[in-house]
Amino acid sequence: MKEKALTFPKEEVEYIDNDPNKGIKVNWDLLRKYYKKLVKAKNIYNPCKIPFEHIRYCILMSTRKTGKTNTLLTMGLISAWVYGTMIAYVRQTEEMIDYRNIKSFFDVQLANNYVSIITGGEYSGIQIKGDYAAFVHYDDKMKVDKRSAPIMVFLSISKQLSYKSTLNLPRCNMVLFDEFAGQYGYNEYVEFNQLLSTIIRDKTEVMICMLANSISLYNPYFKELTIAKDIKNLKQNDSAIIKTRKGTSLYIELIGDASPERQELNTLYFGFDNPKLSAITGGDWAVAEYPHIEREDRSIITKSIYLLYSDQIVQFELVNNEKMGIHVLVHAASKISEKSLLIFTISDILDLRYKFAFGSGKFCKLLWRLYDDHKFFYSDNEIGDIVEQYVNTASKL
């Protein structure tokens, strides 16, 4: 007996507070129900646990194998069919959304025949044309004979200025900012919010999903979102709803990979007691081992050098002794001394002491050459991770 095809009937469009400017009203419980009917895979991330009704930001961090982007994309496609909504897919640069990099974007959905099932056979594929994607139906000669309204738009933060006067997305109710931790450009957070402002306009229920394959505790976005201190206690498979001081609600989840297949692979190939492998094995926050040194008698050249990063203050002590030569002791500081000489930052320059990124001049070059020569020694691994994240970020600016 032939299995009856799943159907997802379209809902009559209703607007929030009966105001089209505020966006399309969706029933997240209905979308969860349809998602569970459609997706049968067990060993991928399940977006049905996300409390969409109570948040406006959803931040998911995991290893690459959890399927979080595809599962949220599938839920967005169901919403596009049922409610006529639209997804905005965001990356940092224009190159990242070039056709050669997104042409296979819907492969999982197409391979599983989701489009045909969701639309009851009205459409059978998805076509990317320019910056937009739409449901399409192919005739017997594999030519498109029917195309829906756009269901997704591909956007880059680097072009946010040009979108201000050209982009209007009244049906958009989901933003997927993919791989947000991959790189961080100067003033990127502000530019990302400018883009969000253009997408959101007067809508009140746009879901902003930020996805990352990095599990570094000191990603710059955590500071920008003012949640750096709130997430420190999260462990693998933990989640939390955080409300900022000014009232914005965020859902944060550190997704683990507890599937038997992944655990078996971890045992076979990655069974080493090395925290650097956390991003591969699906562990907690990835903090590596960094070099330490006992504090012996040393001639202090200066201890008036600081580094500011992700709401953390780090102090550098430039020291010298016969055994080690010139090197740097690095530790946390509760405040910056009024007698400080240098303050390295990738944020605001407040006075002449502040040096952007790695600074300039002979002394700054000497200091960071010591870093390259592995002459930095850290009080603990957390401080080492802060400095490494700072260097990685500053190097891309």
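Residues numbered from 1 in each chain as written. Predicted model: local features only at pLDDT ≥ 70, side-chain atom pairs only at ≥ 80, totals over all residues. Heavy atoms only, no water.

### A closer look at the packing of aromatic side chains
Rules: Two aromatic rings, drawn from Phe, Tyr or Trp (for Trp, its six-membered ring), form a pair once their centres lie within 6.5 Å of each other, and the interplanar angle then sorts them: stacked below 30 degrees, edge-to-face above 60, tilted otherwise. Comment: elements are numbered from the N terminus, with helices defined as DSSP H or I runs of at least four residues and strands as E runs of at least two. Think of it in three bands: with a 1.4 Å probe and only protein chains considered, a residue is buried below 20% of the maximum accessible area for its type, exposed above 50%, and partly exposed in between.
Per the counting criterion, the structure on display carries 25 aromatic pairs. A ring pair is formed by Phe-192 and Tyr-221, whose centres lie 6.3 Å apart and whose planes are at 85°; its orientation type is edge-to-face. Of this pair, Phe-192 sits in helix α7 (residues 188-200) while Tyr-221 sits in helix α8 (residues 220-224), and the two are 29 residues apart along the sequence. In terms of burial, Phe-192 and Tyr-221 fall into one category: buried. With a centroid separation of 5.7 Å and an interplanar angle of 90°, the aromatic rings of Tyr-309 and Tyr-390 are classed as edge-to-face. Here the residue Tyr-309 occupies a position in strand β10 (residues 299-309), and Tyr-390 occupies one in helix α12 (residues 381-395), the gap between them amounting to 81 residues.

### Some words on the pattern of salt bridges
Rule in force here: Throughout this description, the term salt bridge denotes a Lys or Arg side-chain nitrogen within 4 Å of a carboxyl oxygen of Asp or Glu.
Inspection of every chain in the model, using the stated rule, returns ten salt bridges. Note that Arg-353 and Asp-351 form a salt bridge whose closest N and O atoms lie 2.9 Å from each other. A relative accessible area of 31% means that Asp-351 is categorised as partly exposed. Among the charged side chains, a salt-bridge network with shared partners connects Asp-29, Arg-32 and Glu-53.

### Thoughts on the sheet that holds strand β2 (residues 86-91)
Note the following rule: Each pair of strands is called paired provided DSSP finds at least two bridges between the two strands. The convention used is that axes are lines fitted to C-alpha atoms, helices contributing only their stretch in contact, and that angles between N-to-C directions extend from 0 to 180 degrees. Any pair of residues with heavy atoms lying within 4.5 Å of one another is described as a contacting pair.
Strands sit in the order β3-β4-β5-β2-β6-β7-β1-β9-β8 across an open sheet of nine strands; the sheet is mixed. On the outer flanks of this sheet lie β3 (125-129) and β8 (239-243), each paired with one strand and no other. Strand-to-strand twist across the sheet, computed as the mean angle between neighbouring axes with direction ignored, equals 25°. The sheet contact formed by β8 and strand β9 (residues 249-254) spans five bridges and is antiparallel. The residue bridging Ala-240 from the neighbouring strand is Ile-252, located in β9. Set on the sheet, α7 makes contact with β1 (57-61), β2, β5 (144-156), β6 (172-177) and β7 (207-212); between it and β6 the angle comes to about 160°.

### Observations concerning a nonpolar patch on the surface
The condition that has to hold: For patches, a residue must show more than 30% relative accessible area and have no salt bridge; joins then use 9 Å for like charges and 5 Å for nonpolar side chains, namely Val, Leu, Ile, Met, Phe, Trp and Tyr. Note on areas: Shrake-Rupley, 1.4 Å probe, and residue coverage restricted to the protein chains presented here.
Side chains of Leu-265, Leu-268 and Tyr-269 sit close together on the surface and give an oily, nonpolar patch of about 320 Å² of accessible area. Within the secondary structure, Leu-268 sits in helix α9 (residues 260-269). Using a relative accessible area of 56% as the deciding quantity, one classes Leu-268 as exposed.

### Things to note about the pairing of β7
Consecutive residues of a regular strand have side chains that alternate between opposite faces of the sheet. In terms of residue burial, β7 counts as a mostly covered element, since six of its six residues are buried. The two faces of β7 match: Met-207, Cys-209 and Leu-211 on one face and Ile-208, Met-210 and Ala-212 on the other face are all buried. Sheet analysis places β1 next to β7, joined by five bridges and oriented parallel. Bridging across to β7, Cys-58 finds its partner in Cys-209.

### What to know about unusual backbone geometry
Unlike most non-glycine residues, Asn-113 shows phi in positive territory, near 60°. One can find Asn-113 in the loop between α4 (107-111) and α5 (114-118). The partly exposed category is assigned to Asn-113, whose relative accessible area is 39%.

### Quick look at helix α2 (residues 68-83)
Quick note on the threshold: The span expected for a helix works out to 1.5 Å for each residue beyond the first.
With 16 residues, α2 extends 22 Å between its outermost C-alpha atoms, agreeing within 8% with the 22 Å of an ideal straight helix rising 1.5 Å per residue. Of all 16 residues in α2, 15 are buried; the element is thus mostly enclosed. Of the residues trailing α2, Gly-84 is marked for its positive phi of about 80°.

### Comments concerning the nonpolar core
Inclusion rule: Side-chain atoms within 4.5 Å are what join buried Ala, Val, Leu, Ile, Met, Phe, Trp, Tyr and Cys residues into a set we call a nonpolar core.
Ranked by internal contacts, the top residues of the largest apolar core, which has 65 residues, are Leu-155, Met-210, Phe-316, Trp-368 and Phe-376. Of the residues forming this core, the biggest block, six residues, is contributed by α12. Excluding anything up to four places from it in sequence, Leu-155 contacts Ala-88, Tyr-89, Val-90, Arg-91, Ile-97, Tyr-163, Leu-167, Leu-169, Leu-195 and Ile-199. Ranked by size, the runner-up nonpolar core spans 50 residues in total, among them Phe-8, Leu-38, Leu-77 and Ile-118.

### As for empty space enclosed by the protein
One simple way to see leftover space: roll a probe sized like a water molecule over the atoms. What counts here: A cavity here means a set of points on a 1 Å grid, drawn over the protein atoms and nothing else, where a 1.4 Å probe fits but cannot get out; a pocket is an open set with protein on both sides within 12 Å along at least five of seven lines, and a residue lines either one if it has an atom within 4 Å of a point. Grid points are joined across faces, edges and corners, and a volume is the space filled by probe spheres set on the points. The residue classification treats Ala, Val, Leu, Ile, Met, Phe, Trp, Tyr, Cys and Pro as nonpolar and Asp, Glu, Lys and Arg as charged. All others, Gly included, are polar.
Applying the stated criterion across every chain, the model contains one cavity of 30 Å³ or more. In this structure, the largest cavity encloses a volume near 40 Å³. Broken down by class, the residue content of the lining of the largest cavity amounts to four nonpolar, three polar and four charged.

### Details of the packing of helix α1 (residues 28-38) against α2
Note the threshold: Helix crossings fall into two classes, left-handed where the near helix is turned counterclockwise from the far one by less than a right angle and right-handed where it is turned clockwise.
Relative to each other, α1 and α2 sit at 115°, their axes nearing to 10 Å. Between α1 and α2 the crossing geometry is right-handed. Across the interface between the two elements, Trp-28, Leu-30, Leu-31, Arg-32, Tyr-34, Tyr-35 and Leu-38 of α1 pack against Thr-71, Thr-74, Met-75, Ile-78, Ser-79, Val-82 and Tyr-83 of α2.

### With respect to the environment of Ser-158
This is how it is decided: Definition of a polar contact: a pair of N or O atoms within 3.5 Å, with one able to donate and the other able to accept a hydrogen when the atoms are protein atoms, and with sequence-neighbouring residues admitted only if both atoms are side-chain atoms.
With respect to the helices and strands, Ser-158 occurs in the loop between β5 and α6 (160-163). A C-alpha to C-alpha distance of 29 Å links Ser-158 and Pro-47, two positions 111 residues apart in sequence. Apart from residues lying up to four places away in sequence, Ser-158 is in contact with Gln-92, Thr-93 and Glu-94. In terms of polar contacts, Ser-158 uses its side chain to reach the backbone amide nitrogen of Glu-94, at 3.3 Å.

### Looking at the sheet that holds strand β14 (residues 354-356)
What links the strands of a sheet is backbone hydrogen bonding, and the strands pair in either a parallel or an antiparallel sense. Here six strands make up an open sheet; going across it, the order is β14-β13-β10-β11-β12-β15 and the pairing mixed. Every interior strand has two partners, whereas the edge strands, β14 and β15 (376-378), have only one. Taking the axes of each pair of neighbouring strands and ignoring which way they run, one obtains an average angle of 30° across the sheet. Pairing of β10 with strand β13 (residues 342-345), which is carried by three bridges, proceeds in the parallel orientation.

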